[in-house]
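# Breakdown of the fold
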Amino acid sequence: MFRLPHPMTIGFAIVSALAAASGDLDAQPVKIAGLVELSGPGATAGTNFNNGVKLAIREINAAGGLNGRPIEYSASDTQTNPGVAKGLAQRAIDDDAYVVIGPVFSGSILVSMQETRRSGVPNIVGGEAAAITQQGNPFVFRSSFTQAAAMPKVVRYMKDYLKAKTVAVMFANSDFGKGGRDAIVKDLEAAGLKVVADVSTDVPQVDFSGPVLRVKQANADALFVYLHEEESARALRELRKQGYDRPIVGETTLANEKVVELAGEAANGVVAHVGLTADAPNPTVQAFVRKYEAEYKARPDHNAMKGYTGTWAIRAVQDKLGKFDKKGFAATLHGAQFAVKDYPGLLFDVRYDDKGDLDRESFIVRIVSGRAQVIETLKPAWAPK
């Protein structure tokens, strides 16, 4: 039996001002519930995601809210525990949340999204596990790339640029890690690359000497690393400590701001495909970065950007829908396409498919002197209108 934490309710003083300005003192706030990892192993990711959500909501409320109604946001701590996330999802439903945003960790999402599905509440999540949108849930939507879309881009880099023929894989023993491992192995094999080491690690794992030794002994042309933030940093430090000198490649998490900070010089030279990066050579992204840094005195990572863009997607959908209808919201977001010129908060032109997965511009980055440098911009598979 677990005890649900008391939700941290975030109020906005401008709510009343907005209602007064619109001439409708009876305007009812629209409830959005955040299920976020504010403690436990996912605290770094969840806190940054939550910061992005809060910043977006402040901007949306200042711009008139959702169809003239202000957003009332409450963030509750899942403790990075799927059981807690499930209970909090039910609490949000009981509180008549119009949209649930979060969690970030895939293990919690796979449990909590069953509750939002059962009650027909739209749920925008920050997880990447392919299984999230492979279950036919009509109410779940991502704010990040799915592993199924991201991994072919990683494989292309290893094959075409690194000319790798053999690859070692190091992954976290979690829903996130195992989903990424399965996706990358499938795509590597399809591209004719051989996996010569398949190394599972615990969450959280402190000592990476054993996994790194196994990777070294495999003598692969390249190493693919798919771990959570803190474990990624520990793995990179151990790889450098043991003198590993082969290319290290990953997905978004490996180039995360927190990973680079914790790993220090050990992160230099790492290459990753990223769906979102504060270093994107994009004026809209850079404007967001300045606002985020002014608010939180720190650079935003991809989780902060997921929270921010996911929240702005709510505004874009609601403008298109024009009424408050949970089922209608979900139906509208399926197949929707939004332009950044209309909604700068989305940061990029974006399109959602019928499963709730999105597609937009992404990047290949290399860590140089502690910062991500974009070495290639990958255009989406569709042409923005």
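Bear in mind the structure is a predicted one, so any value in this text is a computation, not a measurement. (Residues numbered from 1 in each chain as written. Predicted model: local features only at pLDDT ≥ 70, side-chain atom pairs only at ≥ 80, totals over all residues. Heavy atoms only, no water.)

A separate point is the environment of Gly46. As for its placement among the helices and strands, Gly46 is situated in helix H2 (residues 43-62). With 34 residues separating them along the chain, Gly46 and Thr80 place their C-alpha atoms 8.6 Å apart. If we skip the residues at most four places from it in the chain, Gly46 touches Val36, Glu37, Leu38 and Val104. (Helix = DSSP H or I, 4+ residues; strand = E, 2+ residues; numbered from the N terminus. Contact = heavy atoms within 4.5 Å.)

Below, the discussion takes up the sheet that holds strand S14 (residues 358-359). Taken in spatial order, the three strands make up an open sheet running S12-S13-S14, and their pairing is antiparallel. Each having just a single partner strand, strand S12 (337-338) and S14 make up the two edges of the open sheet. As defined by bridge partners, strand S13 (residues 350-352) adjoins S14 across two bridges and the pair is classed as antiparallel. When the bridges of S14 are listed, Tyr352 appears paired with Leu358. (Pairing = 2+ DSSP bridges.)

Below, the discussion takes up the sheet that holds strand S8 (residues 194-201). The seven strands are arranged S8-S7-S9-S10-S11-S15-S16 in an open sheet whose pairing can be described as mixed. The outermost strands of the open sheet, each flanked by one partner alone, are S8 and strand S16 (371-378). Taking the axes of each pair of neighbouring strands and ignoring which way they run, one obtains an average angle of 25° across the sheet. Where strand S7 (residues 166-172) meets S8, seven bridges bridge the pair, whose relative direction is parallel. In the strand pairing of S8, Ala172 is matched with Thr201. In the packing of helix H6 (residues 175-190) onto the sheet, contacts are made with S7, S8 and strand S9 (222-226), and the angle to S7 comes to roughly 165°. (Axes fitted to C-alpha atoms, helices over the stretch in contact; angles between N-to-C directions.)

Turning our eyes to something else, we now look at the pairing of strand S15 (residues 362-368). Among the seven residues of S15, five are classified as buried, and the element is accordingly described as predominantly covered. Summarising the sheet, strand S11 (residues 271-274) and S15 pair through four bridges and their orientation is antiparallel. Looking at the pairing, Ala272 lines up with Val365 of S15. Two elements, S15 and S16, share seven bridges in a ladder whose sense is antiparallel. (Buried < 20%, exposed > 50% of the residue type's maximum accessible area, 1.4 Å probe, protein only.)

What the rule picks out here adds up to eleven aromatic pairs. Judged by centre distance (5.8 Å) and plane angle (50°), the rings of Phe288 and Tyr292 are tilted. Taken together, the residues Phe288 and Tyr292, both in helix H10 (residues 283-296) and four residues apart, mark about one turn of the helix. Residue classification places Tyr292 among the buried positions, given a relative accessible area of 1%. Arranged with centres 6.1 Å apart and planes meeting at 85°, the rings of Phe338 and Tyr343 form a pair that is edge-to-face. Of the residues examined, Tyr343 reaches a relative accessible area of 15% and is grouped as buried. Three or more aromatic residues joined by ring pairs form one cluster here, namely Phe288, Tyr292, Tyr296 and Tyr308. Sitting over the ring of Phe324, Arg69 keeps its end group 4.4 Å from the ring centre. (Phe/Tyr/Trp six-rings, centres within 6.5 Å; stacked < 30°, edge-to-face > 60°. Lys NZ or Arg CZ within 6 Å of the ring centre and 35° of its normal.)

For the rest of this paragraph, the subject is the pattern of salt bridges. A full pass over the atoms with the stated rule returns 20 salt bridges. The partner of Asp319 in a salt bridge is Arg315, and the shortest N-O contact between them spans 3.1 Å. Highlighted residues: Asp319 and Arg315, both in helix H11 (residues 302-321), separated by four residues, approximately one helical turn. The buried category is assigned to Arg315, whose relative accessible area is 15%. Lys355 is paired through a salt bridge with Asp354; the nearest N and O atoms lie 4.0 Å apart. Classification of Lys355 by relative accessible area gives partly exposed; the value is 45%. We classify Asp354 as exposed; its relative accessible area is 59%. If you follow the salt bridges from partner to partner, you end up with Glu257, Asp279, Glu293, Arg299 and Arg371 in one network. (Salt bridge = Lys/Arg side-chain N within 4 Å of Asp/Glu carboxyl O.)

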